[in-house]
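Here is how the chains run, residue by residue.
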Amino acid sequence: MAPLRFSANLSWLFPELPSLTARFRAAGSAGFEAAEVAFPYAEPPEALARAAQEAGLRLVLINTPPGDPEKGEMGLGAVPGRQAAFREGLEQAVLYAKAVGCPRIHLMAGRVPQGVDRASVRGEMERVFLENLRHAAGVLAQENLVGLLEPINTRITDPRYFLDTPQQVAAILQKVGRPNLQLQMDIFHWQIMDGNLTGNIREFLPIVGHVQVAQVPGRGEPDSPGELNFPYLFQLLEDEGYKGFVGCEYRPQGDTIEGLRWLRSYWDRQGCPQTGQ
């Protein structure tokens, strides 16, 4: 069984470093082969590509733009009346993905409108999302890109987010029926919403295009105190034949490099060479 491959989420890791370029360098020096950035749009795409290349990293995931944060937006894919803005954001994300050689884009669904009952708009939001996803799948296919849908827990992190379980995402993916749209599995969110990680991982892994990890409930390093047994979960992913990247989307509890002890231990157990060490 092949060892897991890890990517540094530079929107979360190395908060002690002020610039994205510095975070790329730090991730490369720490031994990562890949990185992901939620919203890279403050940097010109050429500068982003250069920073990744100089650090010896592949950029493997970005998100579509969030919309207008001042209005409480966090993605637009399922938001009624924002279809044009979603498609404009998709074009921007594709431009960045092409410039940096990033193969995957997280298509953010967005939130249930403020003050509106979720059940009353669920049908309309799903209709809008399906329409936007069919459009996105076509756009992405032209560039040989994959779109990802991520359920985010609505118990703690984002109570109004439209997608909150893998079951909901799997049903939507089945309705869209496009092979270049896949599920993004953040184990932190899945544990909070449903638990049953062994069963859910085995059931949904065939449609998973990217994995992210953080401890529950503190969202710290995988070896920080919490509910999850990551050595077991990593072994499960290996046993089930997962070949994609595992994104480190967690909040370092101290210095990022010191907090990577868990990853260095994993690499040591697997006999993996660690560049930059």
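Residues numbered from 1 in each chain as written. Predicted model: local features only at pLDDT ≥ 70, side-chain atom pairs only at ≥ 80, totals over all residues. Heavy atoms only, no water.

Asks: Any details on the overall build of the chain? Residues and values, ideally.
Replies: Tallying secondary structure elements over the chain gives nine helices and eight strands in all. Over its C-alpha trace the chain gives a radius of gyration of 18 Å, about what one expects of a compact globule, namely 19 Å for 277 residues. For the chain, the C-alpha atoms occupy an extent of roughly 50 × 40 × 35 Å along the three principal directions. Buried residues in the chain amount to 56% of all 277 residues. For the chain, the proportion of contacts with a sequence separation of at least 24, taken over those separated by at least 6, is 77%. A total of about 11800 Å² of accessible surface is found on the chain, and carbon and sulfur atoms cover 49% of it. (Helix = DSSP H or I, 4+ residues; strand = E, 2+ residues; numbered from the N terminus. Rg over C-alpha atoms; globule rule 2.2 N^0.38 Å. Buried < 20%, exposed > 50% of the residue type's maximum accessible area, 1.4 Å probe, protein only. Contact = heavy atoms within 4.5 Å. Areas by Shrake-Rupley, 256 points an atom, 1.4 Å probe, with all protein chains shown as cover.)

Asks: Quick one: what's the story with unusual backbone geometry, residue by residue and with numbers?
Replies: The peptide bond linking valine 216 to proline 217 adopts the cis configuration, its omega dihedral lying at 10 degrees. One can find proline 217 in the loop between β7 (208–213) and α8 (230–239). Located in the positive-phi region is asparagine 144, a residue other than glycine, with phi close to 60 degrees. Positive phi, close to 60 degrees, is recorded for arginine 219, a residue that is not glycine. Here arginine 219 is to be found in the loop between β7 and α8. Judged by relative accessible area, arginine 219 falls into the buried class, the value being 8%.

Asks: Would you mind going over the packing of aromatic side chains in detail, with residue names and values included?
Replies: Under the defined criterion, the tally for this structure stands at eleven aromatic pairs. With centroids separated by 5.5 Å and ring planes inclined at 75 degrees, the aromatic side chains of phenylalanine 6 and tryptophan 262 adopt a geometry described as edge-to-face. Of the two residues, phenylalanine 6 sits in strand β1 (residues 5–9) while tryptophan 262 sits in helix α9 (residues 261–270), which places them 256 residues apart along the sequence. With respect to burial, phenylalanine 6 and tryptophan 262 carry one shared label: buried. Where tryptophan 190 meets phenylalanine 204, the ring centres are 6.1 Å apart and the plane angle is 85 degrees; that geometry is what we call edge-to-face. With tryptophan 190 in helix α6 (residues 187–193) and phenylalanine 204 in helix α7 (residues 197–204), this pair connects stretches of sequence that are 14 residues apart. On the basis of relative accessible area, phenylalanine 204 is assigned to the buried category, the value being 5%. An aromatic cluster is present here, built from Phe6, Phe230, Phe234, Tyr250, Trp262 and Tyr266 joined pairwise through their rings. Positioned above the aromatic ring of phenylalanine 245 is the side chain of arginine 5, whose terminal nitrogen or guanidinium carbon lies 4.1 Å from the ring centre. (Phe/Tyr/Trp six-rings, centres within 6.5 Å; stacked < 30°, edge-to-face > 60°. Lys NZ or Arg CZ within 6 Å of the ring centre and 35° of its normal.)

Asks: Talk me through the side chain of glutamine 215; I want residue IDs and the actual numbers.
Replies: Mapped onto the elements, glutamine 215 comes out in the loop between β7 and α8. Given a relative accessible area of 1%, glutamine 215 falls into the buried group. Within the structure, glutamine 215 has its side chain in polar contact with the backbone oxygen of proline 222 (distance 3.1 Å). From its side chain, glutamine 215 meets the backbone nitrogen of leucine 228 in a polar contact 2.8 Å long. What glutamine 215 contacts, discounting residues up to four positions off in sequence, is Phe188, Gly220, Glu221, Pro222, Ser224, Pro225, Gly226, Glu227, Leu228 and Phe230. (Polar contact = N/O pair within 3.5 Å; in protein donor to acceptor, adjacent residues only side chain to side chain.)

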